[in-house]
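Observations on chain architecture
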Amino acid sequence: MKHLPLLDKIPNFSSSLIFIKKNLSHVPFLAVFNILTVVMLGGLSIYAKLKNQGDGLERLFSDPFNFWFPYEGLLTGVSEVLLCVAVTICAFTFGVLRQQKSRSRSQIFLFFSALLLGVFFLDDRFRMTLILSSLGVSKKLIYLCYASGIFLYVFNFWRFIRTTAYLPLIAAVFLLAISRFEDLFSVQSQGLHAMLEDGTKLLAVLNLALYFWHVCDREVWRYLRQQNEDR
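For the structure given in this document, a descriptive report is provided here. (Residues numbered from 1 in each chain as written. Predicted model: local features only at pLDDT ≥ 70, side-chain atom pairs only at ≥ 80, totals over all residues. Heavy atoms only, no water.)

So, on to empty space enclosed by the protein. Summed over all chains, the structure comprises 2 cavities of 30 Å³ or more. Lining the largest cavity are S113, L116, L117, F120, I150, Y153, V154, L169, V173, L176, L208 and F212. Of all the secondary structure elements, the ones that give two or more residues to the lining of the largest cavity are helix 5 (105-126), helix 7 (139-161), helix 8 (167-181) and helix 9 (190-230). Here the lining of the largest cavity gets 4 residues from one element, more than from any other, and that element is helix 5. When its volume is computed, the second largest cavity comes out at roughly 70 Å³. Every residue lining the second largest cavity is listed: S79, E80, L83, F120, D124, L176, R180, K201, V205 and L208. Within the residue set of the lining of the second largest cavity, elements represented by two or more residues are helix 4 (74-97), helix 5, helix 8 and helix 9. Each residue belonging to the lining of the second largest cavity can be placed in one class, and the counts come to 5 nonpolar, 1 polar and 4 charged. (1 Å grid on protein atoms, 1.4 Å probe; cavity = no way out; pocket = protein on both sides within 12 Å on 5 of 7 lines; lining within 4 Å. Points joined across faces, edges and corners; volume = space filled by probe spheres on them. Helix = DSSP H or I, 4+ residues; strand = E, 2+ residues; numbered from the N terminus. Nonpolar A, V, L, I, M, F, W, Y, C, P; charged D, E, K, R; others polar.)

Quick look at the environment of L206 now. By secondary structure assignment, the location of L206 is in helix 9. A relative accessible area of 37% places L206 in the partly exposed class. Separated by 121 residues in the primary sequence, L206 and V85 have C-alpha atoms spaced 9.8 Å apart. (Buried < 20%, exposed > 50% of the residue type's maximum accessible area, 1.4 Å probe, protein only.)

By size, the foremost hydrophobic cluster in this structure holds 35 residues, and its most contacted members are F109, L117, L208 and F212. Breaking this core down by element, the ones donating at least two residues are helix 4, helix 5, helix 7, helix 8 and helix 9. A per-element tally of this core places helix 9 first, with 9 residues. Leave out the neighbours within four places in its chain, and L117 touches L83, A86, V87, C90, L208 and F212. (Core = buried A, V, L, I, M, F, W, Y, C linked by side-chain atoms within 4.5 Å. Contact = heavy atoms within 4.5 Å.)

For the rest of this paragraph, the subject is the layout of surface pockets. Space inside the largest pocket adds up to approximately 370 Å³. As for the largest pocket, its lining consists of 15 residues, and the residues nearest its centre are D124, R127, R180, E197 and K201. Here the residues of the lining of the largest pocket sort into 3 nonpolar, 3 polar and 9 charged. Considering the residues around the second largest pocket, the lining is formed by P64, F65, N66, E72, G73, T76, G77, E80, R125 and R127. It is helix 4 that contributes the most residues to the lining of the second largest pocket, 3 residues altogether. Looking at the lining of the second largest pocket residue by residue, the class counts come to 2 nonpolar, 4 polar and 4 charged.

On to helix 2 (residues 30-51), then. In this model helix 2 runs 32 Å from its N-terminal to its C-terminal C-alpha over 22 residues, within 8% of the 32 Å that 1.5 Å per residue would give. Trailing helix 2 by a residue or two, N52 shows a phi angle of about 60°, which is positive. (Expected span 1.5 Å × (residues − 1).)

Turning our eyes to something else, we now look at a nonpolar patch on the surface. A cluster of nonpolar side chains, L122, F126, M128, I131, L132, L135, V137, L141 and L144, forms an exposed patch at the surface whose accessible area comes to about 810 Å². Of all the elements in the fold, those that place two or more residues in the nonpolar patch are helix 5, helix 6 (128-134) and helix 7. The biggest single contributor to the nonpolar patch is helix 6, with 3 residues. Inspection of the secondary structure puts L135 in the loop between helix 6 and helix 7. The class of L135 is exposed, set by a relative accessible area of 66%. (Patch = residues over 30% accessible without salt bridge, like charges linked within 9 Å, V, L, I, M, F, W, Y side chains within 5 Å. Areas by Shrake-Rupley, 256 points an atom, 1.4 Å probe, with all protein chains shown as cover. Salt bridge = Lys/Arg side-chain N within 4 Å of Asp/Glu carboxyl O.)

With that settled, the discussion passes to helix 8. Here helix 8 contains 15 residues, and its C-alpha end-to-end distance of 21 Å stays within 8% of the 21 Å for a straight helix at 1.5 Å per residue. Buried residues of helix 8: L169, A172, L175, L176, S179 and R180, and no others. Down the axis, helix 8 shows its buried residues gathered within 135° of arc, on one side only. In this structure, helix 8 carries L167 and F174 as exposed residues pointing more than 90 degrees from its buried face. Those residues of helix 8 that are buried are in contact with helix 5, helix 6, helix 7 and helix 9. (Arc of directions from axis to C-beta.)

See below:
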C-alpha cells in the first residue's frame, strides 16, 4: 500500500484544503483582510488584557444609542449610508468596466469618484476634520484642500460629466459647500445650524447617490451591449 502523507489521513482534510484554496483564489484579498483583521483584534485584546482596558475595548463596539431619544442621529446615519452607497456603486462599476480591453474615460472617472467620495465618507464617519482641527490644523486649510480636490475633479472630468445628467452632481457640490463652510460663521439658532450643516449634507449625498446610480447603470448597460456585439 502506498504511503500517504500524515495530513491526507485526516478525513476530508485534502478536499477541505482544496475548497479553501479555491475560495481564496476567487475572492481577491480575502485572506489578507481576514488575517489583518484577526491580528488587529488580537492585538487589541492583548492590550486590553495587559492594561486593564476591557471597558475601553467595549466602547469600540458600542452602539451610539440613546434610550430616551431613539431618533438621535437618525438622519446622520441615513447620510452616511447614502454616501457609502455612492462609494460602493462607483467602486463596483469600476471593477466591472476594468474587464474591457481598453481603458475608457468612464473607468477613470468612476475610479476617482470612488476615491474622492471615499475620502468624504471617512472624514464624515470618523470625524477626521475635527481630529485634525483639535491637533491645531486650521479648518480653513482643510476645507481649502477639499475645495481644491473638487475643483480638480470637475476640471479634469467636465467633458465626461457633460455627457451625463449632471444637475444632481452640481446641486450636491453646491449643498456640500454650504454644509462644510457653515460652521465658519456664527449661527445662533440650533435648528437653523442643523439644517444648514446636516440638512444640506443629507440632500447633497442623496443627489450624489442618485447621480452615480444613474451613471453606473448607464455604463454597465453600455458594457453589456458591447460584450454582446463582440460575440
